[in-house]
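So the chains spell out like this:
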Amino acid sequence: MTNIVVAVKYVPDATADRTFSSDNTVDRDNVDGLLSELDEYAVEQALQVVEAGEGEVTVLTVGPEDAADAVRKALQMGADKGVHVVDDAIHGSDAFATSLVLAKAIEKLEYDFVFFGMGSTDGSMGIVPTLVAERLGLPAVTFGSEVTVDGDSVTIRRDGDAATQEISASGKVVVSVTDQTGEARYPSFKGIMAAKKKPVDTWSLSDLGVDAGEVGLENAWTKVESFEPRPPRTAGEIVTDEGDGGVKLVEFLASKKFV
Amino acid sequence: MSEVLVLIDAPEGKVTKPSLELLTIAARIGEPSAVFFGSDVPSSLAEYGAAKVYQLDDAVYEEYLVGPKAEALAQLVAEKSPAAVLVPATSEGKEIGARVALKAESGYITDAVDVAVDGDSVTTTQSVFAGNFTVQAAVTKGIPVIAVKPNSATPEKADAAGTVEAVSVDVSDAAKGAKITSSKPKEASGRPELTEAAIVVSGGRGTGGDFSEVEAFADSLGAAVGASRAAVDSGWYPHNFQIGQTGKTVSPQLYVANGISGAIQHRAGMQTSKTIVAVNKDEEAPIFELVDFGVVGDLKTVLPQATEEIVKRKG
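Every chain begins its residue count from 1, and numbering advances along the sequence as written. Note on labels: chains are lettered from A, ligands numbered from 1, in written order. Per-residue local features are limited, in this predicted model, to residues with pLDDT of at least 70; the limit for side-chain atom pairs, both in listing and counting, is 80 or more; totals at the level of whole chains, interfaces and linings are taken over all residues. Excluded from the side-chain calculation are hydrogens and water; included are all heavy atoms of the structure.

The name an unreviewed UniProt entry gives chain B is Electron transfer flavoprotein subunit alpha/FixB family protein, with Aeromicrobium terrae as the organism. UniProt positions are given in the numbering used here, feature names are shortened, and annotations may be inferred rather than shown by experiment. The annotation that UniProt attaches to chain B under Function (unreviewed entry) is "The electron transfer flavoprotein serves as a specific electron acceptor for other dehydrogenases. It transfers the electrons to the main respiratory chain via ETF-ubiquinone oxidoreductase (ETF dehydrogenase)." Annotation of chain B in UniProt includes, under Subunit (unreviewed entry), the sentence "Heterodimer of an alpha and a beta subunit."

Asker: I keep staring at the overall build of chain A and nothing clicks. Help me out?
Answerer: A count of helical and extended segments in chain A gives seven helices and 14 strands. The principal-axis extent of the C-alpha atoms belonging to chain A is close to 65 × 45 × 40 Å. Taken across its 259 residues, chain A has 50% of its residues classed as buried. Contacts spanning at least 24 positions in sequence make up 71% of the contacts within chain A whose residues lie at least 6 apart. Here chain A has roughly 11600 Å² of accessible surface; of this, 46% comes from carbon and sulfur atoms. A helix here means a DSSP run of H or I that spans at least four residues, while a strand means a run of E at least two residues long, and both kinds are numbered starting from the N terminus. A 1.4 Å probe rolled over the protein chains alone gives each residue an accessible area, and that area as a share of the maximum for its type sets the label: buried under 20%, exposed over 50%, partly exposed in between. Contacts are assigned to residue pairs with any non-hydrogen atoms lying within 4.5 Å of each other. Note on areas: Shrake-Rupley with a 1.4 Å probe; residue coverage comes only from the protein chains shown.

Asker: I would appreciate a short explanation of the interface of chain B and chain A in the present structure.
Answerer: Interface size, as often reported, equals the accessible area lost upon joining of the parts. With 84 residues of chain B in contact, the opposing surface of chain A contributes 74 residues. Here the quantity called buried area is the total loss of accessible area, with a 1.4 Å probe, experienced by two parts when brought into contact, counted for both. Note on chain B versus chain A: buried area summed over both sides is about 6800 Å², and carbon and sulfur give 58% of it. When a carboxyl oxygen of Asp or Glu lies within 4 Å of a side-chain nitrogen of Lys or Arg, that pair is called a salt bridge. The interface formed by chain B and chain A includes seven salt bridges. We call two N or O atoms a polar contact when they sit within 3.5 Å, provided that within protein one can donate a hydrogen and the other can accept it, with sequence-adjacent residues counted only if both atoms are side-chain atoms. The tally of links between chain B and chain A comes to 41 residue pairs in polar contact (both at pLDDT 80 or more). Here the side of chain B that touches chain A gets nine residues from one element, more than from any other, and that element is helix α5 (residues 91–103) of chain B. We call Asp, Glu, Lys and Arg charged. Ala, Val, Leu, Ile, Met, Phe, Trp, Tyr, Cys and Pro are nonpolar, and the rest, Gly among them, are polar. For the side of chain B that touches chain A, a count of residues per class yields 38 nonpolar, 28 polar and 18 charged.

Asker: Is there a simple way to think about a negative patch on the surface in this case?
Answerer: For patch building, the residue pool is restricted to those with more than 30% relative accessible area and no salt bridge; the joining distance is 9 Å between like charges and 5 Å between nonpolar side chains (Val, Leu, Ile, Met, Phe, Trp, Tyr). Think of it this way: Lys and Arg go in the positive column, Asp and Glu in the negative one, and His and the chain ends go nowhere. Here the site of a charge means atom NZ of a Lys, CZ of an Arg, CG of an Asp or CD of a Glu. On the surface, B:Asp40, B:Asp57, B:Asp58, B:Glu62 and B:Glu63 cluster together into a negatively charged patch. Mapped onto the fold, B:Glu63 is located in helix α3 (residues 60–63).

Asker: Would you take a moment to explain the sheet that holds strand β13 (residues 222–229) of chain A for this structure?
Answerer: Within a sheet, adjacent strands bond to each other through the backbone by hydrogen bonds, running parallel or antiparallel. Strand order in the open sheet formed by ten strands is β13(A)-β7(B)-β6(B)-β5(B)-β8(B)-β4(B)-β1(B)-β2(B)-β3(B)-β9(B), with mixed pairing between adjacent strands. Two strands lie at the open edges of the sheet, namely β13 of chain A together with β9 (163–166) of chain B, each paired on one side alone. Averaged over all adjacent pairs, the angle separating strand axes in this sheet is 30°, with direction ignored. A pair of strands is treated as paired once DSSP finds two or more bridges between them. Across three bridges, strand β5 (residues 108–118) of chain B lies against strand β8 (residues 145–148) of chain B in parallel orientation. Each bridged residue has a counterpart across the sheet, and for B:Ala112 the counterpart in β8(B) is B:Val148. Strands β1 (3–7), β2 (31–37), β3 (52–56), β4 (84–88) and β9 of chain B of the sheet are contacted by helix α4 (residues 67–80) of chain B, whose axis makes an angle of about 175° with β1(B). The axes are straight lines fitted to the C-alpha atoms, using for helices just the contacting stretch, and the angles between their N-to-C directions are given from 0 to 180°. Contacts between α5(B) and the sheet are confined to β1, β4, β5 and β8 of chain B, with β5(B) contributing the most and set at about 75° to the helix.

Asker: Quick question: what am I supposed to make of the packing of helix α6 (residues 212–221) of chain B against helix α9 (residues 299–314) of chain B here?
Answerer: Two numbers describe a pair of packed helices, the interaxial angle and the distance between the axes. All names here are of chain B. Here α6 crosses α9 at 25°, and the two axes come no closer than 9 Å. Our classification of the angle between α6 and α9 gives roughly parallel. Where α6 crosses over α9, the two elements pack in a sense that is left-handed. Together, Glu213, Val214, Ala216, Phe217, Ser220 and Leu221 of α6 and Leu299, Lys300, Leu303, Pro304, Ala306, Thr307, Ile310 and Lys314 of α9 make up the contact between the two elements. Residue classes in the contact of α6 with α9 are distributed as nine nonpolar, two polar and three charged. Roughly parallel here means an angle under 35 degrees, roughly antiparallel means over 145, roughly perpendicular means 65 to 115, and every remaining angle is called oblique. By definition, any crossing whose near helix is turned counterclockwise from its far helix by less than a right angle is left-handed, and any crossing with a clockwise turn is right-handed.

Asker: What should I look at first to understand the nonpolar core in this one?
Answerer: Buried together is how nonpolar side chains tend to be arranged in soluble globular proteins. Residues and elements named next belong to chain A. The nonpolar core is taken to be a set of buried Ala, Val, Leu, Ile, Met, Phe, Trp, Tyr and Cys residues, with the residues joined through side-chain atoms within 4.5 Å. Grouped together as the largest cluster of nonpolar side chains are 107 residues, with contacts concentrated most on Val85 and Phe115. Looking at which element gives the most residues to this core, the answer is helix α3 (residues 95–107), with nine residues. Those residues in contact with valine 85, other than ones at most four positions away along the chain, are Leu60, Thr61, Val62, Gly63, Ile90, Val101, Ala105, Trp203 and Leu208.

Asker: What exactly am I supposed to notice about the packing of helix α4 (residues 128–136) of chain A against α5(B) here?
Answerer: Viewed as axis vectors pointing N to C, α4(A) and α5(B) meet at an angle of 45°, and their least axial separation amounts to 9 Å. In terms of axis orientation, α4(A) runs oblique to α5(B). For the pair α4(A) and α5(B), the crossing hand works out as right-handed. The segment α4(A) lies against α5(B), with A:Thr130, A:Leu131, A:Ala133, A:Glu134 and A:Arg135 engaging B:Glu95, B:Ala98, B:Arg99, B:Leu102 and B:Lys103.

Asker: It is not clear to me how the pairing of β1(B) should be interpreted in this structure. Could you clarify?
Answerer: On any regular strand, side chains alternate: one points to one face of the sheet, the next to the other face. Residues and elements named next belong to chain B. With five of its five residues buried, β1 lies for the most part within the structure. Residue alternation in β1 divides its side chains into two sets, Glu3, Leu5 and Leu7 and Val4 and Val6, and both sets are buried. Taken together, the five bridges between β1 and β2 define a ladder with parallel strand orientation. What sits directly across from glutamate 3, in β2, is glutamate 31. Consider the strands pointing away from the viewer: the crossover is right-handed when the path from the first strand over the helix to the second runs clockwise. Each parallel crossover has a hand, and the one from β1 via helix α1 (residues 17–29) to β2 is right-handed. In terms of strand pairing, β1 meets β4 through three bridges, oriented parallel. The partner of leucine 5 across the bridge, within β4, is valine 85.

Asker: Is there a simple way to explain the pattern of salt bridges in this structure?
Answerer: Close approach of charged atoms lets side chains of opposite charge pair. Applying the stated rule across the entire model yields 31 salt bridges over all chains. A salt bridge links A:Asp122 to A:Arg28; the shortest N-O distance between them is 3.0 Å. One end of the pair, A:Asp122, is in the loop between β6 (113–117) and α4; the other, A:Arg28, is in the loop between β2 (10–12) and β3 (33–35), with 94 residues separating them in the sequence. Taking the relative accessible area as the measure of exposure, A:Asp122 reaches 5% and is therefore buried. Put simply, B:Glu21 and B:Lys17 hold a salt bridge, and the shortest N to O gap is 3.3 Å. With B:Glu21 and B:Lys17 both in helix α1 and four residues apart, the pair spans about one turn of that helix. Residue B:Glu21 is classed as buried on the basis of its relative accessible area, which comes to 1%.

Asker: Explanation requested: the domain arrangement of chain B in the structure shown.
Answerer: Residue and element names in this part refer to chain B. Reported domain spans reflect what an automatic or database domain assignment gives. What the domain assignment lists for chain B is domain 1 (3–176) and domain 2 (199–314). The C-alpha-based centres of domain 1 and domain 2 are spaced at 32 Å. Taken as a group, Ala130, Asn132 and Lys149 account for 70% of the area that domain 1 buries against domain 2, more than any other trio of residues on that side. If you look at where domain 1 meets domain 2, you find zero salt bridges. Applying the counting rule to domain 1 against domain 2 returns three residue pairs in polar contact (both at pLDDT 80 or more). Per-class residue counts for the side of domain 1 that touches domain 2 are one nonpolar, three polar and one charged.

Asker: Sorry, what's going on with the UniProt feature "domain: Electron transfer flavoprotein alpha/beta-subunit N-terminal" (unreviewed entry) in chain B here?
Answerer: Taken from the UniProt record, the annotation "domain: Electron transfer flavoprotein alpha/beta-subunit N-terminal" (unreviewed entry) applies to residues 4–184 of chain B. Strand forms 34% of residues 4–184 of chain B and helix 27%; the C-alpha atoms that close the span are 32 Å apart.

Right under this line is the structure:
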């Protein structure tokens, strides 16, 4: 029996025009959201582990009402049940508060491993897995490009700049996986239908014993003071290669003193 | 003047350029103290401004991932009450910084591309949403802990004492959970580091799997070589050369994209480059919206001609 909790995030679509709200937080209202692409890899890896033996995959998210969409997508892919922590007080939480809420929720669940994506596609800090592990006092094997589960131990391959490492941990373990772990499956028609009957629990902060004063924008340990859009790039010169494209390219580089 | 702790990244004992940049940035805030894990303290730490070097020489730091280094740095933070803590924005550096900040109940900013100091306040600049926005942020609680991206400053030589102080830490069992069972150093490509290079030449789907034209052109310019996710996913180029959201972010003086369409995923990794050039067969490719100069054509003919022209001009 292997039970895995996969923590996922509902993010603004990276291909849309993402922006900020008036309180300098990420605008989650006016941009379509979805399950973070990078979390799909974590769902996929968890499903593969459970499918190879026995157990359950529970998908967990912390986010506004709409974040239920992210849970549903993971259920359609094949996760067994969902937990959605939703509470107005959570709005604007930093990574530390998010990790607190996640850790408290995970403690209420039965699990052997907790899987994460390598980072979100909006905040992209990539630190929530390590923070959750720190809070739960569990080992963390992070940024795995390849994940192998054997009984109660997990081994990952971590491709760093300086070295490729193999890292192992056993017992309850926090794992994060990269997009190198392999394509995530698309929900099948059967999966989409089955997901409608799968249970999703909705929890508030009080269900977790988390005080509203520990989370939210007012209690964040950092502050975004201002934001500005990057100035649009001025249209450049485009030439069509008519046998002299390479020379023209070098002429441009020379005019900019790169050659 | 108060201390600023700087986590030094030194694979195989060699200090990375981004770590030297951190020492230069630290000097804006206070007096840089390097935190070095290893047996032989490199002289470059003093040469680039480290007044002190806290040396932690213990095999435990190489045997387990993140946990032991985070505990050691957190202990130093508790003892020294520094004005700030700077860590390199590598996977490891960011994770160590996160744990240190949590232990110190201090705010944490990752992926800063600049750090400015005005009196007692430290403000960071970050590039977010695939480089479409620039954000100014500050830590509002505790000691600012900041993970800084490569190329955020030019390392400046500054002769400092570099007084070495050996530090030993009793690492808890809890920090020894993730064991590094093997570590194989990456082979050097002989080209500049991707995130540090002044010029980056990259290839994508349009290479059809053969990077020889891209590499030859890069070498004629003394450039680093990168690859799009499509090229990496196809197994054409190693993942540690991937540019984009799930790979490296580069911000060179010149970026040349070859056979890369320019999806948002790729833009996230190169949009802040100073000058952008593209070669692509498809005149509709979104990459052309970003370029200062573009050639609609086949990289298989354009690049060899450009390489030959550069070699000719160099005489």
